[in-house]
Structures are given as C-alpha cells and as structure tokens.
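The residues making up each chain are set out below.
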Amino acid sequence: MTIAEISKKFDLTQDTLRYYERIGLLPSVNRNKGGNRDYTEEDCKWIEFIKCMRSSGLPIEVLIEYVRLFQQGDETIEARKELLTEQRKQLIVKMEDMHKTLERLNYKIAVYEQSVVPKEKMLKKSED
C-alpha cells in the first residue's frame, strides 16, 4: 500500500507516518522500485498498535523503547512485558483521575440544572 492509502486508512498524515518511521516507531518500511514506501500488512499492524497506544496516552519514547526491544528478539520478551505492565499501571491511574474529573463535571452540571438554570429562567420571566 502507498503512503497515501495508509494515511487515509489510519487517518494519519503522511508527515506523521514519515516521522514514525524516522524516529524508529515503525520498523523500516519497504520501498518499491521507484523508491516509494510500500506498506505491508505487518506495517499496518504496527501502525494500528502505535495509534492505539498513542490514543491511550503512552509516550512516544516508551513506544520507541518497545520497538527497539522487539527488534532485539525473544530475549527481550520479559523486558517488553514489564514495560507494558508499567504503562498499564500508569494508564489505570490516569483513568481513575479522569473518572474523578468526570464525576466532578457531572456534579457541576447537576448544580446548574437544579439551581442556576431555573433562576435564570425566573429572571428572564421577570424582565419580560
């Protein structure tokens, strides 16, 4: 697949794809005879993984380290697992923080709905 096709498929800019390759997030992408990138299904799996991890907040540096370890082979399986386990712990903390924020927002919205909005309606009626 071409970079344009991959860009559209994963809703990433071509610049982002080139950047991911340049910094080592994507193992080297094959090139066709014309020198253009020719993405394989394996490349697509890496892009899906990267996109998923980035959307959950994993830092690029962690992903670069993961890819580096992956490329070293099976002797790094335990290190990769530890890296992912640590990131999961951090994600759980973030999710708990986000849940607290959501609860606070829900409370604030309820306060508006129960108190502020009715008062504003009453003020508008008295102005009319």
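For the structure itself, consult the block above.
Rules used throughout
Residues numbered from 1 in each chain as written. Predicted model: local features only at pLDDT ≥ 70, side-chain atom pairs only at ≥ 80, totals over all residues. Heavy atoms only, no water. Salt bridge = Lys/Arg side-chain N within 4 Å of Asp/Glu carboxyl O. Helix = DSSP H or I, 4+ residues; strand = E, 2+ residues; numbered from the N terminus. Buried < 20%, exposed > 50% of the residue type's maximum accessible area, 1.4 Å probe, protein only. Axes fitted to C-alpha atoms, helices over the stretch in contact; angles between N-to-C directions. Parallel < 35°, antiparallel > 145°, perpendicular 65-115°, else oblique. Left-handed = near helix turned anticlockwise from the far one by under 90°. Contact = heavy atoms within 4.5 Å. Nonpolar A, V, L, I, M, F, W, Y, C, P; charged D, E, K, R; others polar. Polar contact = N/O pair within 3.5 Å; in protein donor to acceptor, adjacent residues only side chain to side chain. Expected span 1.5 Å × (residues − 1). Phe/Tyr/Trp six-rings, centres within 6.5 Å; stacked < 30°, edge-to-face > 60°.

Asks: Honestly, the pattern of salt bridges in this entry has me stumped. Any pointers?
Replies: Pairs may arise between side chains of opposite charge once their charged atoms sit close together. The tally for this structure, following the rule as stated, stands at three salt bridges. Among the ionic pairs, R37 bridges to E21, the shortest N-O distance being 2.6 Å. Taken together, the residues span a long stretch of sequence, with R37 in the loop between α2 (14-22) and α3 (41-55) and E21 in helix α2 at a distance of 16 residues. The burial state of R37 is the same as that of E21; both residues are buried. One salt bridge connects E65 with R68, and the closest N-O pair in it is separated by 2.6 Å. Remark: R68 and E65 occur in helix α4 (residues 60-72); sequence separation between them is three residues, near one turn of the helix.

Asks: I would appreciate a short explanation of the packing of helix α1 (residues 3-10) against α3 in the present structure.
Replies: In helix packing, the relevant descriptors are the interaxial angle and the interaxial distance, both defined with respect to the helix axes. The N-to-C vectors of α1 and α3 enclose an angle of 40°; their axes lie 11 Å apart at closest approach. If you check the angle between α1 and α3, you find them oblique. Here α1 and α3 pass one another in a crossing that is right-handed. From α1, I6, K9 and F10 reach across to α3, where they touch C44, I47, E48 and K51. For the contact of α1 with α3, a count of residues per class yields four nonpolar, no polar and three charged.

Asks: What am I meant to see in the side chain of R37 here?
Replies: The class for R37 is buried, based on a relative accessible area of 19%. In terms of polar contacts, R37 uses its side chain to reach the side chain of E21, at 2.6 Å. Here R37 is in contact with M1, T2, I3, R18, E21, V29, N30 and R31, once residues within four sequence places are set aside.

Asks: Explanation requested: unusual backbone geometry in the structure shown.
Replies: Of all residues except glycine, most have a negative phi; of all peptide bonds, most are trans. If you check the backbone angles, D11 has positive phi at about 55° while not being a glycine. Along the chain, D11 falls in the loop between α1 and α2. Residue D11 is classed as exposed on the basis of its relative accessible area of 67%.

Asks: I tried to follow α4 on my own but got confused; where do I start?
Replies: Note: α-helices contain 3.6 residues per turn, so residues at a spacing of three or four share the same orientation. In a regular helix each residue adds 1.5 Å, so 13 residues correspond to 18 Å; α4 covers 19 Å between its end C-alpha atoms and thus fits that length. Of all the residues in α4, the buried ones are I60, V62, L63, Y66, V67 and L69.

Asks: I'm lost on the packing of aromatic side chains in this one. Help?
Replies: Each aromatic ring pair is summarised here by two numbers: the centre-to-centre distance and the angle between the ring planes. Across all of its chains, the model carries four aromatic pairs by this definition. Each ring, one from W46 and one from F70, has its centre 5.0 Å from the other, and the planes form 80°; the classification is edge-to-face. One end of the pair, W46, is in helix α3; the other, F70, is in helix α4, with 24 residues separating them in the sequence. Take W46: its relative accessible area is 8%, and that puts it in the buried class. Between F49 and Y66, the ring centres sit 5.3 Å apart and the planes meet at 35°, which makes this aromatic pair tilted.

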